[in-house]
Structures are given as structure tokens and as C-alpha cells.
Amino acid sequence: SIWMSADDFVVTPWHVEGDIDYDRLIKKFGTEKISLELQERIKKITNEEHFMLKRGIFFSHREMNRILDDYEKGNKFFLYTGRGPSGHTHIGHLVPWVFAKWLQEKFDVNMYFQLTDDEKFYSKPDLTLEETGNFAYENALDFIALGFKPEKTKIIINTKNIQTLYPIAAKVAKKINFSNTKATFGFTNETNIGMIFYTSLQSAPCFIEDKPVLIPLGVDQDPHFRLTRDIAPKIGKPKPALIHNIMIPGLKGPGGKMSASDESGTIYTTDTPNVVKKKINKYAFSGGQTSVEEHRRIGGNPDIDVSYQYLRIFFEQDDNKLKTIYDDYKSGKLLSGELKAILIEKINKFLSIHQEKREKAKDQIDKFLFENKWK
């Protein structure tokens, strides 16, 4: 198994906890760190330096260079990402989607977004298939609200688009044996067989077009695609290339990741301004000192402060402003309450626009569906 008990963190497609050491994770998963050279190369092709690359929010990859080699020879790739609809969308989910949208615009490529309503039904004992289907609809609205173009973007819902997925999944399934999935995911004799087959369905969109695919995703999803990459040559297909983002911490602490099921530790895209304010003020883990005097004297620690992390990961895209916040907090000039207030304002400004677009997405959703039907 990939999990060594000596580790103080766990990263699997279904469970993330602890304070993740990303350099160790790269070694353990066998991915590559995004080098300065690779950043420069992407910047040269796109004429823009994306803040998520520069700040190491996207930190690791598999064969991104090959995708760029192909692209420079005039061969296009396509993009694929997704979401397991186990609950409402939160701000952590938006990170790979926003980056995917940037990639789609810069490279002018097609994008597939898979909603795995079946997987969440298999993996969450208390969810019905109807519930995961409803969450899929809600999650799709948030995806569309980010401004994707329907003519280049298709949403695949596993249970609705199974006719398209199944013939591809069958080819994949034939090449993955049980011991591979057991070793990769730690499955036991108690694991339901839906879960055991599931990786072949998550692999299917990788081969939906006759081109290489690039998948922007949270690093916790990498194990599925390790298997996909192993079997791609066996079915005569190029290996999917991946680009990974870090896990977005929950409000309550720097370790682990934001979870859709822990309501007080999570900011949902549908939260009202008042709810956002209350959650951040009450729950956001602070790197500040216990008293104002102490904080002014010693200063705060922005590296463990969740409010600062959210600004760095998503909500403050201006490097100079971010640096000022970092320095002021570290020196004690900026108090924890003031840092929280900056974040609250930024999130609420973002969400007020997002929620408007999310409402409009209800009328656009049919244009995005892979087979133009949502029943």
C-alpha cells in the first residue's frame, strides 16, 4: 500500500487529514514538482503568469511538458476535470475549476466536466442516488457560473451519460485487475463492487476525444489516474497528463482539507454575507497571538493563518497587496480581526457576483449538458 504508518498525514481520494508535507507527497505519489522552467514555459506560451502557478497552489504535475511539446507542434489537447457531488459546492472546489477555465481560454481547447453521482452514492453510506443527483445539479450551476463557454464545454453526469461512458469504461476495466485497485485504494472484502469498478468510469472521459488530455485536479484524486496512466498504452491511448493543486484547508485548521460535510468549517458558494462573516470570525484558525499587546509585540504567523491562506490561494490575486498583508501581519501591525475583515470583504464581493451568475446558470444548463438533457 502507498500508506506508511509513519506518516502524520493521509491523502486518498476519499480521505485527507493532517498537515500535508507536499514535497514528501510528491515523492510518495511519484509526481513531479512544477519547476521554475515549467512555469516560465507556460508563461511564454500563454503570455500570462497565473498567480496559482507562481504561488505554488498548483505545485505538481505528470507530463505537463509533453502536453506543451505537442501543443507547440500544433497538436491540441483537451481538458477534463470533475467533482464528486457529495454536498454543496464550497470555495475549495472552485480552485481547479478556475485554473481549468484559464487553461481553456489560453490554449483554446475543449473541456469536459464529469459529475460522479454514482461514485458518491457508492462511497457515502447515507446518500441516496437521488440526493447525489441533486447535488450534481447544484455543483453544475457553480461550475457554469465561472464563465465557461458552452460550445467548448460539456458536463457529463455518470448516471445520465452512461451510454457514452460505458464502452470506454469497459475497455479500461478489462485492463485493471483487482490487486491493482486493492493496492492503490486499500479496498477490502467489505468494499462494495461499485467502488471497485468505479475507477474505470473516472478514466472514461480521458479517452472521449482522440487527443491527449490534461487534467487539472486536487492532488487527492491522483491515485485514480495513476491506474489510468498505467493502462492507457494497453488500450492504445496516450497517457493522461495531470496538474495538481494543493488541498484547500478547512476554516478550523491548517491541516487536512475543507470538507463539504463539516458546515461550520466550510464556506459554501451559496452562503449569505452574514453567514460568511460569522463563520470566519468564529471558526477561522488564526495565526495571531492571544492578546492584542502580545500580537503587537511578537506579530502573527501568516503561514498557519487560514484567512491569510485563503487570500493567497484565491481571494487576493495582487502580489503586492498580498505581500503587504503578509508583512503587516508578521510584524504585528495587522491584527487577526483586521485580517479576517479583509478576507470577509473579499469573499463576499466574489460571492455576490458568483451567486448572480449561478442563478443565471439555471437557464443555461441545458446548453452545457453532454447530451443536452437533464432529467
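Presented here is an overview of the structure given in this document. (Residues numbered from 1 in each chain as written. Predicted model: local features only at pLDDT ≥ 70, side-chain atom pairs only at ≥ 80, totals over all residues. Heavy atoms only, no water.)

## Looking at the overall build of the protein
Secondary structure assignment for the protein yields 16 helices and nine strands. With respect to the principal axes defined by its C-alpha atoms, the protein has extents near 65 × 45 × 45 Å. For the protein, the proportion of its 375 residues judged to be buried stands at 54%. Counting only contacts in the protein whose residues sit at least 6 apart along the sequence, the fraction spanning at least 24 positions is 76%. Total accessible area on the protein is roughly 17000 Å²; 51% of this is exposed by carbon and sulfur atoms. The distance from the centre of the 55 positive side-chain charges to the centre of the 51 negative ones in the protein is 3 Å. (Helix = DSSP H or I, 4+ residues; strand = E, 2+ residues; numbered from the N terminus. Buried < 20%, exposed > 50% of the residue type's maximum accessible area, 1.4 Å probe, protein only. Contact = heavy atoms within 4.5 Å. Areas by Shrake-Rupley, 256 points an atom, 1.4 Å probe, with all protein chains shown as cover. Lys, Arg positive; Asp, Glu negative; His and termini not counted. Charge placed at Lys NZ, Arg CZ, Asp CG, Glu CD.)

## Concerning empty space enclosed by the protein
Inspection of every chain in the model, using the stated rule, returns two cavities of 30 Å³ or more. Every residue lining the largest cavity is listed: Ile 91, Gly 92, Val 95, Ile 248, Tyr 310, Ile 313, Phe 314 and Phe 315. Looking at the lining of the largest cavity, the elements with two or more residues in it are α5 (91-107) and α14 (306-315). At four residues, the largest contribution of residues to the lining of the largest cavity is made by α14. (1 Å grid on protein atoms, 1.4 Å probe; cavity = no way out; pocket = protein on both sides within 12 Å on 5 of 7 lines; lining within 4 Å. Points joined across faces, edges and corners; volume = space filled by probe spheres on them.)

## What about the environment of Ile 155?
Looking at where Ile 155 falls in the secondary structure, it is placed in strand β7 (residues 153-157). Relative accessible area serves as the criterion here: at 0%, Ile 155 is assigned to the buried category. Not counting residues up to four positions away in its chain, the partners in contact with Ile 155 are Phe 113, Leu 115, Ala 140, Phe 143, Ile 144, Asn 161, Phe 368, Leu 369 and Phe 370.

## With respect to the nonpolar core
Generally speaking, soluble globular proteins have nonpolar side chains that are buried together. Counting residues in each nonpolar core, the largest one holds 78 residues, and the members touching the most others are Met 52, Ile 155, Leu 214, Ile 280, Tyr 310 and Ile 347. The biggest single contributor to this core is α5, with ten residues. Core analysis: the second largest hydrophobic core is formed by 25 residues, Tyr 112, Leu 201, Val 213 and Leu 242 among them. (Core = buried A, V, L, I, M, F, W, Y, C linked by side-chain atoms within 4.5 Å.)

## Some thoughts on the packing of aromatic side chains
The tally for this structure, following the rule as stated, stands at 20 aromatic pairs. With centroids separated by 5.1 Å and ring planes inclined at 85 degrees, the aromatic side chains of Trp 97 and Phe 113 adopt a geometry described as edge-to-face. Placement of the pair is Trp 97 in helix α5 and Phe 113 in strand β6 (residues 111-115), with a sequence separation of 16 residues. Residue classification places Trp 97 among the buried positions, given a relative accessible area of 1%. Judged by centre distance (5.8 Å) and plane angle (80 degrees), the rings of Trp 97 and Phe 143 are edge-to-face. (Phe/Tyr/Trp six-rings, centres within 6.5 Å; stacked < 30°, edge-to-face > 60°.)

## Focus on a nonpolar patch on the surface
On the surface, a cluster of nonpolar side chains totalling about 240 Å² of accessible area is made up of Phe 121, Tyr 122 and Leu 129. Structurally, Phe 121 is set in helix α6 (residues 117-123). Accessibility expressed as a relative area gives 35% for Phe 121, which makes it partly exposed. (Patch = residues over 30% accessible without salt bridge, like charges linked within 9 Å, V, L, I, M, F, W, Y side chains within 5 Å. Salt bridge = Lys/Arg side-chain N within 4 Å of Asp/Glu carboxyl O.)

## Here we look at the pairing of β7
Across the five residues of β7, four count as buried, placing the element largely inside the fold. Here five bridges tie β6 to β7, and the two strands are oriented parallel to one another. By the bridge assignment, Gln 114 is partnered in β7 with Ile 156. (Pairing = 2+ DSSP bridges.)

## Focus on helix α4 (residues 64-72)
Along an α-helix, residues three or four apart share an orientation, since each turn contains 3.6 residues. All buried positions along α4 are accounted for by Met 64, Ile 67, Leu 68 and Asp 70. Burial along α4 is one-sided: seen end-on, the buried residues are contained in an arc of 160 degrees. Taken from the residues just after α4, Gly 74 is the one with a positive phi, measuring 95 degrees. (Arc of directions from axis to C-beta.)

## As for the pattern of salt bridges
Applying the stated rule across the entire model yields 28 salt bridges. In this structure, the salt-bridge partner of Glu 72 is Arg 41, at a minimum N-O distance of 2.8 Å. Highlighted residues: Glu 72 in helix α4 and Arg 41 in helix α2 (residues 36-46), separated in sequence by 31 residues. Across the salt bridge formed by Lys 346 and Glu 316, the nearest N and O atoms sit 2.9 Å from each other. Here Lys 346 is found in helix α16 (residues 336-368), whereas its partner Glu 316 is found in the loop between α14 and α15 (319-331), with 30 residues between them in sequence. Judged by relative accessible area, which is 28%, Lys 346 ranks as partly exposed. Here the salt bridges do not stand alone but share partners, grouping Lys 43, Glu 49, Lys 54, Arg 55 and Asp 319 into one network.

## Re the sheet that holds strand β3 (residues 32-33)
Strand order in the open sheet formed by seven strands is β3-β4-β9-β8-β5-β6-β7, with mixed pairing between adjacent strands. Either end of the sheet is taken by a strand with one partner, and the two such strands are β3 and β7. Across two bridges, the pairing between β3 and strand β4 (residues 58-62) is antiparallel. Paired with Lys 33 across the two strands is Ser 60, which belongs to β4. Here helix α7 (residues 129-145) sits on the sheet and contacts β5 (78-83), β6 and β7; the angle it forms with β6, its principal contact strand, is near 155 degrees. (Axes fitted to C-alpha atoms, helices over the stretch in contact; angles between N-to-C directions.)

## So, the packing of α14 against α15
Direction vectors running N to C along α14 and α15 enclose 165 degrees, while the axes themselves pass 10 Å from each other. Between α14 and α15, the crossing angle belongs to the class labelled roughly antiparallel. The handedness of the crossing between α14 and α15 comes out as left-handed. Contacts between α14 and α15 involve Tyr 308, Leu 311 and Arg 312 on the former and, on the latter, Leu 322, Ile 325 and Tyr 326. Looking at side-chain class alone, the contact of α14 with α15 contains five nonpolar, no polar and one charged residues. (Parallel < 35°, antiparallel > 145°, perpendicular 65-115°, else oblique. Left-handed = near helix turned anticlockwise from the far one by under 90°. Nonpolar A, V, L, I, M, F, W, Y, C, P; charged D, E, K, R; others polar.)

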